[in-house]
Amino acid sequence: SGQVARIGEAINRCKKAGAFTLGITGNRESVLGTSAERILKLDIPKFESAPGTRTYMVCVMALYLLAIRIGEVRGRYTMDVATSMREEIPLLADKLEEMMPSIDDKAYEIANKFKDKDAFDFLGSGFEYAAAWFSAAKVFEAIGARAMHTNTEEWLHLNFFMKNPEKIATMIYSASDNKAYSRTVEAINYAVQLNRPLCVVADEKSEDYNEKADLIIIPKAKYILAEAMYQFVPVCLIMGYLMSMLGEKSGRGNEGPWEFSRGAACVRQSKIIYIDEE
């Protein structure tokens, strides 16, 4: 939406410091749209309501395309490689569509296993951390349960200490070409040893994965960062099913004590303050 008050403050603070500012939004008249020096306007076709799902994907795609172009201009790779990166995007969309029935079936199965759990834990390394962060947010929005997101390495320092592990639904993102892959496999084995209900979102089947872990397989990308555009899809399906199973409304329906969040008023109507520094 570009309407969050803090975004307007941040953009103006960056401009004051001499930074070039680019706003990625679907609303030119928003706080972001009127504050940034340049706007990359994203028009998303109307579709069935799925709060924050397609908008997140489009934002990630926009950032990915910007990164490809910056790398191309800076000579990090050839124009042919940059073109190949761009051309892979619609091909991956086709692969995702082809695999969606199996992903959806598995998501429903996982939702049935997770529906009576007390809390959720999401792990990812490198670019996968974005999917873990997004997943925890979806739990809050969809079913209002307790959730955490953490780097896989950090999980092995702290999160595994949590009591009653059998009541903590755990999802681990594991791209086979991620340089942290071996550490991710170790975390999977430890989660199984803890008897945690476990789902691994991977881009290929592997004997490395503990047979007691449930797997959801997504398309494998030639250029690994492209997986950030759809790695989060399984959790959206799982949370959708959990909402139905548990009789929940997205964002608690903005009703009762949550009424102040209706129309995102709590983040859009906050007072904007520009701090002057000497």
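In short, a report on the structure. Keep in mind it's a predicted model, so treat the numbers as computed, not measured.

**Observations concerning the overall build of the chain**
Along the chain, the regular secondary structure elements total 9 helices and 7 strands. Here the C-alpha radius of gyration of the chain, 20 Å, is about what a compact globule of 278 residues would show, namely 19 Å. By its C-alpha atoms, the chain is 55 × 55 × 40 Å across when sized along the principal axes. Looking at the chain as a whole, 41% of its 278 residues are labelled buried.

**Considerations on the layout of surface pockets**
Any empty space left between atoms is shown by rolling a water-sized probe over those atoms. When its volume is computed, the largest pocket comes out at roughly 1900 Å³. Forming the boundary of the largest pocket are 48 residues, of which Ser 1, Pro 51, Gly 52, Thr 55 and Arg 268 lie nearest the centre. Within the residue set of the lining of the largest pocket, elements represented by two or more residues are helix H1 (5-16), strand S1 (22-25), helix H3 (54-73), helix H5 (128-143) and helix H9 (265-268). Its residues assigned to classes, the lining of the largest pocket comprises 25 nonpolar, 15 polar and 8 charged. Counted as a void, the second largest pocket has a volume near 930 Å³. Ala 50, Thr 53, Arg 54, Val 233 and Cys 236 are, among the 29 residues lining the second largest pocket, the residues nearest its centre. Only H3, helix H4 (79-114), H5 and helix H8 (233-246) provide two or more residues apiece to the lining of the second largest pocket. In terms of residue count, the dominant contributor to the lining of the second largest pocket is H8 (7 residues). The class makeup of the residues in the lining of the second largest pocket is 20 nonpolar, 4 polar and 5 charged.

**Section: the pairing of strand S6 (residues 198-202)**
Counting buried residues along S6, 5 of its 5 residues qualify, which places the element largely inside the surrounding structure. Going residue by residue along S6, you find Leu 198, Val 200 and Ala 202 tucked away on one face and Cys 199 and Val 201 tucked away on the opposite face as well. The pairing of strand S5 (residues 168-174) with S6 spans 5 bridges and is classified as parallel. For Ile 172, the partnering residue across the bridge sits in S6 and is Val 200. Regarding topology, helix H7 (residues 181-193) serves as the crossover connection from S5 to the parallel S6, and that connection is right-handed. In this sheet, strand S7 (residues 214-217) lies alongside S6 in parallel orientation, the contact comprising 4 bridges. Residue pairing in the sheet places Ala 202 in a bridge with Ile 217 of S7.

**With respect to H3**
The end-to-end C-alpha distance of H3, which contains 20 residues, comes to 29 Å, matching closely the 28 Å that a straight helix rising 1.5 Å per residue would cover. Residues Val 58, Val 60, Ala 62, Tyr 64, Ile 68, Gly 71 and Glu 72 constitute the buried set of H3. Those residues of H3 that are buried are in contact with S1, strand S2 (38-41) and H4. Downstream of H3 by a residue or two, Gly 75 has a phi angle that is positive, lying close to 75°.

**Concerning the pattern of salt bridges**
The tally for this structure, following the rule as stated, stands at 17 salt bridges. A salt bridge links Glu 109 to Lys 113; its shortest N-O distance comes to 3.6 Å. Of this pair, Glu 109 and Lys 113 both sit in helix H4, 4 residues apart, which is roughly one turn of the helix. Residue class for Glu 109 comes out partly exposed when judged on its relative accessible area of 32%. Residue class for Lys 113 comes out partly exposed when judged on its relative accessible area of 37%. A salt bridge links Arg 252 to Glu 248; its shortest N-O distance comes to 3.4 Å. Overall, the relative accessible area of 15% leaves Arg 252 in the buried class.

**Points about the sheet that holds S5**
Reading across the sheet, the 5 strands line up as S4-S3-S5-S6-S7 and stay open at both edges, with parallel pairing between neighbours. With partners counted over all chains shown, the strands left at the sheet margins are strand S4 (146-151) and S7, one partner each. Going across the sheet, the axis of each strand differs from the next one's by a mean of 20°, ignoring polarity. Note that strand S3 (residues 119-124) and S4 share 6 bridges and pair parallel. Bridging across to S4, Ala 119 finds its partner in Arg 146. Against the sheet, H4 contacts S3, S5, S6 and S7, and its axis sits at roughly 150° relative to S7. Against the sheet, H5 makes contact with S3, S4 and S5, and its axis sits at roughly 175° relative to S4, the strand it touches most.

**Focus on the packing of H3 against H4**
Two elements in contact, H3 and H4, have axes whose closest approach is 9 Å; the angle formed by their N-to-C orientations is 170°. Put simply, H3 runs roughly antiparallel to H4. Residues Met 61, Tyr 64, Leu 65, Ile 68, Arg 69 and Glu 72 of H3 form the contact with H4, whose participating residues are Met 79, Ala 82, Met 85, Arg 86 and Ile 89. Residues of the contact of H3 with H4, tallied by class, amount to 8 nonpolar, no polar and 3 charged.

Cut-offs used in this document
Residues numbered from 1 in each chain as written. Predicted model: local features only at pLDDT ≥ 70, side-chain atom pairs only at ≥ 80, totals over all residues. Heavy atoms only, no water. Helix = DSSP H or I, 4+ residues; strand = E, 2+ residues; numbered from the N terminus. Rg over C-alpha atoms; globule rule 2.2 N^0.38 Å. Buried < 20%, exposed > 50% of the residue type's maximum accessible area, 1.4 Å probe, protein only. 1 Å grid on protein atoms, 1.4 Å probe; cavity = no way out; pocket = protein on both sides within 12 Å on 5 of 7 lines; lining within 4 Å. Points joined across faces, edges and corners; volume = space filled by probe spheres on them. Nonpolar A, V, L, I, M, F, W, Y, C, P; charged D, E, K, R; others polar. Pairing = 2+ DSSP bridges. Right-handed = clockwise from strand over helix to strand, strands pointing away. Expected span 1.5 Å × (residues − 1). Contact = heavy atoms within 4.5 Å. Salt bridge = Lys/Arg side-chain N within 4 Å of Asp/Glu carboxyl O. Axes fitted to C-alpha atoms, helices over the stretch in contact; angles between N-to-C directions. Parallel < 35°, antiparallel > 145°, perpendicular 65-115°, else oblique.

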